[in-house]
Amino acid sequence: MINQIRADFYRQLRTRGVWLVALLTIIYAVVVVGFQSAGGVMVNAPMKLLNQLAAKDWSVYDGLHGATISSSVLLYLFIALFVVVIGYEFSQKIYKNTLISGISRLQFIMAKYVTLLIDLFIGMGLYYLTVILTGVLAGRPMGASWPHLLGDTGTTLVSAAFFISVIFSLAVLVLIATTSLVISTVFIVIWPLAIAMLNILTNWHWLTYADFFNTATGLAFGTIATADLWRYIVVSVLALVVSILAAAGLIRNREL
């Protein structure tokens, strides 16, 4: 499993698409903070905060909030990482070469998930590092102490990377079940939008527990009650475990 992870990172370092994603992440962070423009796709952010950001010049801390509101776009940008890490192998059916080398199906899926998770941590870390540096280099006031700023950044970074990884783990299951890279990437695009729209149309509040990305923003902005937090975590962990085990089971029952 460790060797598989190393091989994936070795391949990524030599893939132009990965470096392009990093560059676009940096550019997007600079644009959001530089132009003080907060926006996203179906983001669960308090309207009061949005109005405050729109009505004043940002501090570095405000830039962190604005970047978090805007970070939903990164989910779609990071689809390229999903394609590079596992999508390409299945579209070209070269994953069979890895499986016949002796690695188990479960270890193969786990290695892919861990690789994606590390990629997401790095991507989100690069995003928030650029956000803070852009604000500092622009000469803006801090708006909060460094410990508070870095603490909030760390919490938001970790939660966003984890909850995006849950969506990607479900997409891996869809990819293996359908053997279609197109369907699995479309799933990543549609899932957050479909959950949010269904919640609005049906008023089924339990759907919010499956709105994984907005769970991360909810944690960042304190819109999730502490008493309800465990439900979001349990649903996310269950979705992650089930998707990984189901994906491994599908591969196990498929002829190489």
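Preceding this paragraph is the structure being described.
Rules and cut-offs
- Residues numbered from 1 in each chain as written.
- Predicted model: local features only at pLDDT ≥ 70, side-chain atom pairs only at ≥ 80, totals over all residues.
- Heavy atoms only, no water.
- Helix = DSSP H or I, 4+ residues; strand = E, 2+ residues; numbered from the N terminus.
- Buried < 20%, exposed > 50% of the residue type's maximum accessible area, 1.4 Å probe, protein only.
- Contact = heavy atoms within 4.5 Å.
- Core = buried A, V, L, I, M, F, W, Y, C linked by side-chain atoms within 4.5 Å.
- Polar contact = N/O pair within 3.5 Å; in protein donor to acceptor, adjacent residues only side chain to side chain.
- Salt bridge = Lys/Arg side-chain N within 4 Å of Asp/Glu carboxyl O.
- Axes fitted to C-alpha atoms, helices over the stretch in contact; angles between N-to-C directions.
- Left-handed = near helix turned anticlockwise from the far one by under 90°.
- Nonpolar A, V, L, I, M, F, W, Y, C, P; charged D, E, K, R; others polar.

### Section: the environment of V166
In this fold, V166 is placed in helix α9 (residues 146–178). Given the relative accessible area of 0%, V166 is considered buried. Separated by 78 residues in the primary sequence, V166 and I244 place their C-alpha atoms 9.9 Å from one another. Filtering out sequence-adjacent residues up to four positions away, V166 remains in contact with F212, S236, A239 and L240.

### Notes on the nonpolar core
Judged by nonpolar contacts, the single largest core of 62 residues is most densely connected at F82, I109, M124 and F168. In terms of residue count, α9 provides more of this core than any other element does, 15 residues in total. Beyond its immediate sequence surroundings of up to four residues, F168 is in contact with L75, F78, I79, F82, L116, L120 and I188.

### Examining the side chain of T215
By the element assignment, T215 lies in helix α11 (residues 212–221). A distance of 3.0 Å separates a polar atom in the side chain of T215 from the backbone oxygen of D211.

### Topic: the pattern of salt bridges
Within the structure shown, the criterion is met by four salt bridges. Its salt-bridge partner being K56, residue D62 comes within 3.2 Å of it at the nearest N-O pair. You can call D62 buried: its relative accessible area is 9%. The partly exposed category is assigned to K56, whose relative accessible area is 40%. Counted as one network, the salt bridges with shared partners bring together D8, R11 and K112.

### Focus: the packing of α9 against helix α10 (residues 181–202)
When two helices pack together, their arrangement is given by the angle between the helix axes and the distance between those axes. Relative orientation of the contacting elements α9 and α10 amounts to 145°, with a least axis distance of 8 Å. Our pair here, α9 against α10, has a crossing hand that is right-handed. Touching I167, F168, L170, A171, V174, L175 and T178 of α9 are L181, I183, S184, F187, I188, W191 and P192, all from α10. Tallied by class, the residues present in the contact of α9 with α10 amount to twelve nonpolar, two polar and no charged.

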